[in-house]
Each structure stands twice: as structure tokens, then as C-alpha cells.
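As a plain string of letters, each chain reads:
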Amino acid sequence: MSAQQLVLRQRAELIQTLCSSGSSESLESVLDLLLATGVLVWEDYQTARVPCRTLYSNVRELLDLVYTKGEEACALLLASIRQVLPEVQRAGLCFGHCDSDLEQSRKKPDSVAQIFLSERPGLVERLRDCIDGALQALLEVGSFTVCDCDEVQLRVHTPSQRARRLLDLVSSKGEPAAQVLLQYIQREEKPHSLTNQEEWKPPTVCLQYQKKLRSSVSAQSHILSTYDGTCSLSLDDIYTEGDVELAHGCTEAQRALGLEDIVGMVGTLNEHADTVMVSGEAGSGKSTLLQRIHLQWAKGVALQGFQLLFPFSCRRLNSEQRELSLKELLFLHCCWPDQDQDLLFRFILDHPHLILFTLDGLDELKQSFSDERRHCSPTQSAPVHTLLFNLLQGTLMKGVRKVVTSRPEAVSPALKRYLSKEVLLKGFSPDGIDAFVRKHHRDPTVATRVLQSLKSNSTLLGLCHKPVFCWIVSKCYKELLGCGGGSPQTITDVYLMVLQHFFQRYQTQNRSLGDAWLHNHLETIHHLGQLALEGIETSCYVFSGTELERGGVTEEDISMGFLIHSKDLSSMSCKHYEFLHVTMQCFFAAVYIVVNNNNAFTISKLFWPQERQQPDLTTACLRPCWASTGQQEGISEATVKADIPNLQITATFVSGLLSQRHSGLMLQCCPSPSLDRKYRQVFKCLSRSMHKHFKSIPRPVDGEKKSMHAMPSFVWLIKCIYEMQERKIARETMAKLEVEHLKLTYCNIGPVECTALAYVLQHLKSPVGLQLDYNSVGDVGVEQLLPCLHVCGSLYLRNNNISDEGIRKLIEKGIQCESFQKIASAHCLLKMVIKADQPITVNLTVSLNPCKRLGNNNITEEGAKQLAEGLKFNHSLQFLGLWGNKIGDVGADAIAKALENSKTLVWLSLVENGVGSAGARALAQVIKKSKTLKEMWLTKNCITKTGIEYLIQALKSNSSVEAVWYVNNSDDQIINICIFFSVQIIMVLLNTCVHVISVRIRPVSKLCVNSTDCFLCQVER
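Residues numbered from 1 in each chain as written. Predicted model: local features only at pLDDT ≥ 70, side-chain atom pairs only at ≥ 80, totals over all residues. Heavy atoms only, no water.

Quick look at the environment of Leu-877
Item 1. Residue position: Leu-877 is located in the loop between α45 (861-871) and β18 (879-881).
Item 2. Taking C-alpha positions, Leu-877 is 6.0 Å from Thr-904, a pair spaced 27 residues apart along the chain. (Helix = DSSP H or I, 4+ residues; strand = E, 2+ residues; numbered from the N terminus.)

In C-alpha cells form, the structure reads like this:
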């Protein structure tokens, strides 16, 4: 297909791709290349970038201009787009045979003005980091006025846009000004420029400040405080990598990420944004990951592309009441320079790509993200949150890389528009738990005993998926090993265990705490609980000595170890404290709510915000909470939103503390009537909230199943019910749920949530389809789901890091459950045996039928062999998909031999499995012998033309097969082949083409629905 045809047919896709980021940067870069190659003259360039016109209109104008200029111009346009756009953005576009060399197409300049056109892309790249110096050089010789400089330096423009404006203005000034600019560029060229000069080095003042900054960051990062608040461990000694993945929707979402990958360009979705979001639940290790990044940079072993790293903590910034400029924010809150502040700050402004900012705990900031107030001046003062929000948007300091941590619920759609990418921190894998425990306990015997205890209690092992729980369990190993048959089952159990551990540590002469241990420390509970609750109400997580004194917190309370010094804010004259972890603060608040009879913060007000989705209603229902602490006035709606996640955690703990299993402990501190009243309140709140969810389920469309797409708050309510360990609530709740399909995709479901789901869902009256795609279930979570498998008609587990062990357990349990008929779980490392004649559809991919999905895990050839053994005895299998695995030729051969005599197989997918021509030869036998097979997918494999010949020969002998697909996206050259008339033409094509990239093979009897696009159909005609 010609370049002109490609531009015409892909017009809508090209427009959407060039406009998808919302920035004109891609369009302007393409225009630069077209100017340099002579496709566009200056008048065309101006026509395609009218400032007052929308971006979409400018792109349409460019496509129209180029199309009218002919085939060569269109080829250069496609080559320019391919060069400018990152791979993820140009995915799906076809560039055909457009191999035009942009460098050779550039015209040789015969004047300085011509140099500005032919070398425009390179000049923009070189000028973007030295605009101020170039302007100064032009001012000194009188080529520019101050007004000219102001026109170039508009802060609303990106560095690249300023460079283009500078080139345009210089061109209008004539040859003398152009000569001055070129001479300046030659003096200031960086290592990445076209000339070979000595390696560029930052100025001395920057190197001196870098040394001091590294020392400061290292001092803050190399020690990790443990949960007793006194002992410290080296971060290098204790740090254990968790599971870190790119957010779903990225083509590289399944690969493991290192520190360089997190900060770098891997997985970038928005090329023009600079902010990387690291999101994870409370206790998933976000702050520790950021601390690791800081330490590796300070030691000089990672991220050395950044000259300066500025770490910020939202907890600390919450206490900053003054308005600050960007300069003051950097130097006051990170590291104060010893000299030449202005020169150093100028270096930062001029070299944003050499600077890294980190911002820990965006969800703890009192204000929610907003892009309504723009602030683009680095020298003017503004509220701290305004500076932060404009940094994240790129309005301020465009080009600086920002790495931000937050809980997922704080990452609003408004903020996502400004993210380069989102990274998910999913906690520890089973291997990570093992590694952490062994690092924490230097005595191998103790470590082995702790791990054995965890493995014998799958519920507790699921809790340790979160690093904060794993740390608590490791710290409280004596209580864990001595608990006998009463080992922790819920999150509340774990925190009661750590509470007991701290009180026991404080006990003198190693005396036992006794059964009344909570009552004996009730005064400390009251002091710390009231402080914790008031902090959650006001989004306060750091407390001054004055606030502790006002709340009655004594030195004895502090010495218990639940509060630790806040290093960022403490000084010799004023100490600040914070709870060991935000979840510990929530736990103390929950205990205070349960044991305090006079607490104005009622149970209903604790649960009530979750029933209101509108901000105004949320504000109204939470206002009584602030009224009780005298802080009703001045609390913004943004603050209310920031508090809800911690209120949810607190409510979860309240539910657990009111469980019957803890009634004896709570009765020591609170009268029975009061406990009964609070228990009934929680019961009522949970029932009402669940009932509201069920009432919101829409009526099903005729012919479709009634389904419910659960919101994250539904998962929280399920966890509350589990914490109470009250089956009556679970039964009554599930009795009201009348759906056939329950969808819980993208709900951050991990092993902890799986335990709660199984506890509640097992009381369903009739089987449902349970969809858990795109979560973090893992093998441990699969084991937790087994108790509810008998009420699951189908189970969907795509993209959940499930290995062969998890799938094996599912199958073993599933074949015992009469109603369980289908598993959908892509990319699994699978070894299982399917019993003869069991009516189970095993589908390990994303198939065309949305009801049959199982993808994105890691099946190897061994798993394929085991699967094949089971398939030999199964006579009902219709759909089998192994998309995105690693079975190779050996696995394909085993699967083919198991299926070649199948009388039921309709659809088979081995997409992206490393299958070569040997595997294709085996699969050809399935095509040849099967009487029921309709479609086979072999996309993204390694099949050569020899393998395709095997498939074609097999199709000649079986006309019932409708389609065999083979698409290899490793090359931009695409040829679509449909077999209609003669196989011989295919053979001629295979013998004359080096790369056959896209093949759809169909038998002679089938009609072509894409005849206008089919290369072979055109050949036949």
C-alpha cells in the first residue's frame, strides 16, 4: 500500500495519536522534521500551527497539506511520526514500506538561515537547556531587546517551545543575530550534540552542593527504624524487594521493575508528562521503596543521570503554614546551600532534566489534588500545596522528574492526566516473605520456626503479603510461636498481638502480663487513642510536644514505643512524634472508640461517610466528628476526602474489636451494655451499607445475566464483616444478594481480601460467576478462595500473578464442586490433571468470548505437558487458550498430540508462546484431523515460512476450519494474507518475501470480508 493510501486510511488514527497527550509537542516535533527535510516551507509551517486553533484542527491541517504534496511527502511524514512517537503510542499504526531516510532527505544549507531550517530538530534539542545563556549572548551584542527575551521566556511554554520561539525570533532578526546564536551553541554544546567535545560537567557550585545533598540524603535514608522505636537496622541489611508492576493497560505491565525502571521511561504512557506515581495500599512499603531510591542515589550506585535529588514528605509539608517560593521550598525543606544560592538555583532551572523530586505520601496531604490554580513562576511565593500541585502538572519546572507515592484512592482522574506512568506496589511475594523473615532473624533456627508457623496458617501467611504485617509478625515472633492453636486469623488479631508485645517489652523483671493486660494499661490506651483519633479527624499524623501534653500523653506513654521521633521535624528545642505506622494510629483510634463510654465519635458516624458518594453529603455527615474536637470551622472538603481511607481502616479495626472472640478482653475495659450497643450499631451499619449496594444493582438487559460491578467500598465492607467473625451477618447479607455475576476487577484484591471474600461469599444461596481480573490474588489468595468455590459457577483470575501451584489447587478443589464449571486465569505457571469427563472449560487467555478468559501468567513447557496429560482423558473441552505464556515448541507438541483426536475442540489459542516451526508442524496435525475446530490463534510467535507451509497444507485437507491467525509484531512491515483461490500464490509470496508478518489463512470456500485490504485478493484480481 502506498504512503498516500496509508495516510488517508489511517487519518483518524493519526489525528488521535498526535493529540492523545493533550500537548502540541508531538505535532511540533513532526513539523520540525518536515521543515528540515523540505516537505514544508515556512508558510506551510505557520499554517499548521496556528496558536488560537485547537490541536486537532492543526493536525488535520498538516495531514491535508502533506497529502496534497504527493507520495514522497507522505512517506516522509510517516517516517517523522515513527521517529517522534514512542513505541507504545504508535502501536497499531501501519507505516508500510516507508523507510525514508530523514537525514539524507535534508537539504544542504547554503546560508545561516538555511541552517536554522535544516538543523531545526537538533537545534531545538540543544537550546532547550540553555535558553537563558543564549538570550544573554544576544542581549550583549544588541541583537535582542528585553522585550524579545520576555517573549521567549514565557513560563507557560515548555523548554522545547521556548527554543523554537527563540529560533523563530532570531531568524526574523537576520544573519548577524543567527551567527551570534550559532556561535553560542557551538561553545555550549553538550555531550549529546552532533560534535565530539569533552564530556560536559556541571559547575563547581553544583558539585559542591551535590556532595552536601548526598550526605544529607544518606543520613536520612540508611537507617530504618523498627517497630519498637529504639532499635535500628541498616536499610541495606533489611530491605526486601516487593512485587512492583506497571499499572494495567500498559503493554509491559507483566515485567518486574527495578529502581531504574520505576524512575525511568519504561512503561511510559504519556511522553509529555514527568510524574511517576507509585501507588499501593497502606503498609505495602511505599515509603521504604522511596527510601531505597534515596539511598541508592546518595551512594552513587543508581540513578546517576540525576545530578540532584530533592526528597519531600507530605507529613512534614502539612506543618508548613507559610507561603514559599520554589527556591525556598527546595532549600528550606531539603538541604541548605553553603554559598551561591542564586547560581545554584539558576542551574536547577536551566537543567530540569538533571533534577529528581520525590514526594512521599500524597494521600496524607491535607488538600486533595486540584489543577484549578495555576502557578508557573519559580520565584513567586504560593501555598505549599499549590507549588506541589503545579510541580506535578508540569506547569512549574517542566522537565523535572517527579516520583510520588500515594494510596490508590487518592490518585484521582484529574491527577492521572498528568502522570507519565503509574506503578503498582503489590507487597511481598511468598519468596519475599521468606527473604524478609530470614533477614529479620539472624538466627536461622528462629527464622525457620517463624516461617513454618506462617506456612501452617495460610490466613496469617496471606496477611504477611503486606510488608507492615510481615514486620509485625516477625517482631512479635515469641507471641506468635507461643500462641498454640489460637494463632492470629484477622488483622485485628495481629495488632492486638503487637499491642501485647509492646506492653510485655515494657514489663519489668520479665513478668507475665496476665489476662488483664489491656485493663492494666487502659490509661495509656486512652491517652494514645484520643491523640490518634483527633489526628485522623484533622489529617494530622505528626504531633508536637505541646499537642501530646494537651492530650495527656506522658513520658511513660511515649516510652512504650508506639510513638517515635519524627526526624524531619524534630529539633533540639522542639520534638515531634508520630505513630510507628498510620495503621497503628488507626488501631489506637479504634480501641479508643470501643473502650471509651463518653466518646462523641459514634459508630454510625464512623461508618456513615462510606454510604455517601457525593462530596457535599460526605462533608455533612463527617462534620459532627470535627465538632466534637472544636475543629469544625476551616476544614475543607479536600480534607474530608483525604481522611476517608483512614476512617475505613479504623472502622475495620472497630469491627474486629467488637468480635465475640475478643469480648472477654474488651469487657475488662468497657461495660457489657456499652459493648452490646456498639456491636448492634456496627451490625446495623454493615447491613444498611450492603443493602444500599444491592439496591443499586441495575436490572439486567433481556437475555443477559444479572451482574454487579462492586466498588472498592464493597470490598471494605466485606473485610469489616470478616473482622467481626460473625457468620450471622454474612448469612443475612448474602441472602439479599441476587446476582449471577459478581465483578471485582481493579479492586486491589490481595490475599487478605480473598480471605474475607471467601468467608462471606460461601453463604450465597446460588452459584455466581466471580470475576477477579487485574488484582493481586497470587497463590496464597487462591488458597483463601477455596472455601467459597462451591458457590462459584465460574472464576476469572486474569493478571493475578498465579503460578502452577495456585491453579493446581483450584483444579483439585474445582472438580469436587458440582456447580464449578469454568476457570479463567491468564498467564499461569500450570501443572494440573483434569479428571475424565469433568465438564470444566479451562481457558488460559483472553479469548474472543468474554466469558472464557484466563491470561497473563507464566506456563512453561512442563506445565503444558501436565495439562496435555489431563486433556487426553477429557472429552468435553471446547475452548483452550494459553495466551502470553512460555510453552515453546515442546509444549505446543504436547498440547497438539493431546488434542488432535478431540471431538469437541472449537477454539485454540497459543498466542505469544515462543512457538516455532516445529510447534506449527505439530499443530498442523490438529487442523488436519479435527472435525470441530473453527479457529486457531498463533499470533506473536516465532513461526517461519516453513511453519506456515505446514499450516497451509493442513488446511487444504480440512475445509471446516474457518481461520488460522498468525501475526508477528516484531516488524513494521505488515502483509495480510487471506487464502481464497490457490495455495500456490501463497507459496510464491512466501518465497519472495523476507518477512511475512501477518497471515490469516482461510480455506477456499470462505468469502473475503476485507477484500479491499487483502494483498492476495488484489493479486488474484
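A look at the pattern of salt bridges
Item 1. Scanning the model with the defined rule gives 32 salt bridges in all.
Item 2. The partner of Asp-434 in a salt bridge is Arg-438, with the nearest N and O atoms 2.9 Å apart. Remark: Arg-438 and Asp-434 occur in helix α24 (residues 430-440); sequence separation between them is four residues, near one turn of the helix.
Item 3. On the basis of relative accessibility, which here comes to 22%, the residue Asp-434 falls in the partly exposed class.
Item 4. Judged by relative accessible area, which is 39%, Arg-438 ranks as partly exposed.
Item 5. Because the salt bridges share partners, they merge into one network encompassing Glu-25, Glu-28, Asp-32, Arg-49, Arg-120, Arg-164 and Asp-168. (Salt bridge = Lys/Arg side-chain N within 4 Å of Asp/Glu carboxyl O. Buried < 20%, exposed > 50% of the residue type's maximum accessible area, 1.4 Å probe, protein only.)

A word on the state of the cysteines
Item 1. This model, assessed by the stated rule, comprises zero disulfides.
Item 2. With no disulfide of its own, Cys-669 has Cys-670 as its nearest cysteine by sulfur position, at a separation of 8.2 Å.
Item 3. Looking at Cys-754, it has no disulfide partner, and the nearest cysteine sulfur is the one in Cys-788, 8.5 Å off.
Item 4. Given the relative accessible area of 0%, Cys-754 is considered buried. (Disulfide = S-S within 2.5 Å.)

What to know about the sheet that holds strand β7 (residues 401-406)
Item 1. Spatially, six strands are ordered β3-β8-β4-β7-β6-β5 in an open sheet, and the strand pairing comes out mixed. The strands lining the two open edges of the sheet, one partner per strand, are β3 (244-246) and β5 (308-313). Across the sheet, the axes of successive neighbouring strands diverge by a mean angle of 20°, strand direction being ignored.
Item 2. Here strand β4 (residues 275-279) runs beside β7; their pairing, made up of five bridges, is parallel. Residue Ser-279 lies in a different strand from β7, and its bridge partner there is Ser-406.
Item 3. Helix α20 (residues 326-333) rests against β5 and β6 (355-360) of the sheet, and its axis sits at about 85° to β5.
Item 4. Against the sheet, helix α22 (residues 384-393) touches β4, β6 and β7, its axis set at about 115° to β7. (Pairing = 2+ DSSP bridges. Axes fitted to C-alpha atoms, helices over the stretch in contact; angles between N-to-C directions. Contact = heavy atoms within 4.5 Å.)

Topic: helix α27 (residues 467-475)
Item 1. α27 sits mainly inside the fold: nine of its nine residues count as buried.
Item 2. What α27 keeps buried is the set Pro-467, Val-468, Phe-469, Cys-470, Trp-471, Ile-472, Val-473, Ser-474 and Lys-475.

Thoughts on the packing of aromatic side chains
Item 1. This model, assessed by the stated rule, comprises 27 aromatic pairs.
Item 2. A ring pair is formed by Phe-503 and Phe-562, whose centres lie 5.6 Å apart and whose planes are at 75°; its orientation type is edge-to-face. Of the two residues, Phe-503 is situated in helix α29 (residues 491-506) and Phe-562 in the loop between α33 (555-559) and β10 (563-565); the sequence distance between them amounts to 59 residues.
Item 3. A relative accessible area of 0% places Phe-503 in the buried class.
Item 4. Ring centres of Phe-543 and Phe-579 lie 6.1 Å apart, and the angle between their planes is 85°; on these two criteria the pair is classed as edge-to-face. Of this pair, Phe-543 sits in strand β9 (residues 543-544) while Phe-579 sits in strand β11 (residues 576-579), and the two are 36 residues apart along the sequence. Residues Phe-543 and Phe-579 agree in their burial class; the two are buried.
Item 5. Across the ring face of Trp-297, the terminal group of Arg-214 is positioned such that the distance to the ring centre comes to 4.4 Å. (Phe/Tyr/Trp six-rings, centres within 6.5 Å; stacked < 30°, edge-to-face > 60°. Lys NZ or Arg CZ within 6 Å of the ring centre and 35° of its normal.)

What about α29?
Item 1. The first and last C-alpha atoms of α29 sit 23 Å apart over 16 residues, in line with the 22 Å expected at 1.5 Å per residue.
Item 2. Taking burial as the measure, the 16 residues of α29 include 12 buried ones, the bulk of the element.
Item 3. When we look at burial in α29, the residues that qualify are Ile-491, Thr-492, Asp-493, Val-494, Tyr-495, Leu-496, Met-497, Val-498, Leu-499, His-501, Phe-502 and Phe-503. (Expected span 1.5 Å × (residues − 1).)

Focus: the sheet that holds β10
Item 1. The three strands lie next to each other as β9-β11-β10, forming an open sheet whose pairing is antiparallel. Among the strands making up the open sheet, the edge pair consists of β9 and β10.
Item 2. Pairing analysis gives three bridges linking β10 to β11, with the strands arranged antiparallel. Following the sheet pairing, Ile-564 is matched in β11 by Glu-578.
Item 3. Across the face of the sheet, helix α31 (residues 522-537) comes into contact with β9, β10 and β11 while running at roughly 90° to β11.

Re unusual backbone geometry
Item 1. With phi around 55°, Leu-303 is a residue other than glycine that occupies positive phi space.
Item 2. Residue position: Leu-303 is located in the loop between α18 (286-299) and β5.
Item 3. Since its relative accessible area comes to 3%, Leu-303 is described here as buried.
Item 4. Even without being glycine, Met-397 reaches a positive phi, approximately 60°.
Item 5. Structurally, Met-397 can be placed in the loop between α22 and β7.
Item 6. On the basis of relative accessible area, Met-397 is assigned to the buried category, the value being 9%.

A closer look at the side chain of Glu-364
Item 1. Along the polypeptide, Glu-364 turns up in the loop between β6 and α22.
Item 2. Since its relative accessible area comes to 11%, Glu-364 is described here as buried.
Item 3. In contact with Glu-364, not counting residues within four places along its chain, are Arg-315, Asn-318, Tyr-541 and Val-582.

Some points on the nonpolar core
Item 1. By size, the foremost hydrophobic cluster in this structure holds 207 residues, and its most contacted members are Phe-310 and Tyr-495.
Item 2. Here this core gets 12 residues from one element, more than from any other, and that element is helix α34 (residues 582-595).
Item 3. If we skip the residues at most four places from it in the chain, Tyr-495 touches Val-468, Phe-469, Ile-472, Thr-583, Met-584, Phe-587 and Phe-653.
Item 4. Within the second largest apolar cluster, 36 residues are counted, among which are Leu-867, Leu-871, Leu-905 and Val-926. (Core = buried A, V, L, I, M, F, W, Y, C linked by side-chain atoms within 4.5 Å.)

Description of the side chain of Thr-459
Item 1. Topologically, Thr-459 is positioned in helix α26 (residues 458-463).
Item 2. Judged by its relative accessible area of 11%, Thr-459 is buried.
Item 3. At a separation of 3.5 Å, a polar atom in the side chain of Thr-459 contacts the side chain of Gln-784.
Item 4. Sequence-distant contacts of Thr-459, defined by excluding residues within four places in its chain, comprise Gln-489, Tyr-722, Thr-755 and Gln-784. (Polar contact = N/O pair within 3.5 Å; in protein donor to acceptor, adjacent residues only side chain to side chain.)

Observations regarding the pairing of β7
Item 1. Within β7, six of the six residues are buried, which leaves it mostly tucked inside the rest of the structure.
Item 2. Pairing analysis gives four bridges linking β6 to β7, with the strands arranged parallel. Among the inter-strand pairings, Phe-357 is bridged to a residue of β7, identified as Lys-402.

Some remarks on the packing of helix α3 (residues 25-36) against helix α5 (residues 55-68)
Item 1. One can describe the packing of α3 onto α5 by two numbers: an axis separation of 11 Å at closest approach and a directional angle of 25°. Judged on the interaxial angle alone, α5 and α3 are roughly parallel. Our pair here, α3 against α5, has a crossing hand that is left-handed. Mapping the contact onto sequence places Leu-27, Val-30, Leu-31 and Leu-34 in α3 and Leu-55, Asn-58, Val-59, Leu-62 and Val-66 in α5.
Item 2. Here the contact of α3 with α5 is composed, by residue class, of eight nonpolar, one polar and no charged. (Parallel < 35°, antiparallel > 145°, perpendicular 65-115°, else oblique. Left-handed = near helix turned anticlockwise from the far one by under 90°. Nonpolar A, V, L, I, M, F, W, Y, C, P; charged D, E, K, R; others polar.)

A look at the packing of helix α39 (residues 672-695) against helix α41 (residues 727-735)
Item 1. Axis separation between α39 and α41 bottoms out at 10 Å; the angle between their running directions is 20°. Judged by the angle between their axes, α39 and α41 are roughly parallel. Crossing angle aside, the handedness with which α39 passes α41 is right-handed. Across the interface between the two elements, Phe-683, Met-690 and Phe-694 of α39 pack against Lys-728, Ile-729, Glu-732, Thr-733 and Met-734 of α41.
Item 2. The class makeup of the residues in the contact of α39 with α41 is five nonpolar, one polar and two charged.

Section: the pairing of strand β14 (residues 768-771)
Item 1. Going residue by residue along β14, you find Val-768 and Leu-770 tucked away on one face and Gly-769 and Gln-771 tucked away on the opposite face as well.
Item 2. As paired strands, strand β13 (residues 741-743) and β14 are joined by three bridges and run parallel to one another. Looking at β14, one finds that Leu-742 is bridged to Leu-770.
Item 3. Crossover handedness for the path β13 to helix α42 (residues 751-761) to β14: right-handed.
Item 4. In the sheet, β14 pairs with strand β15 (residues 792-796) via four bridges, with the strands oriented parallel. (Right-handed = clockwise from strand over helix to strand, strands pointing away.)

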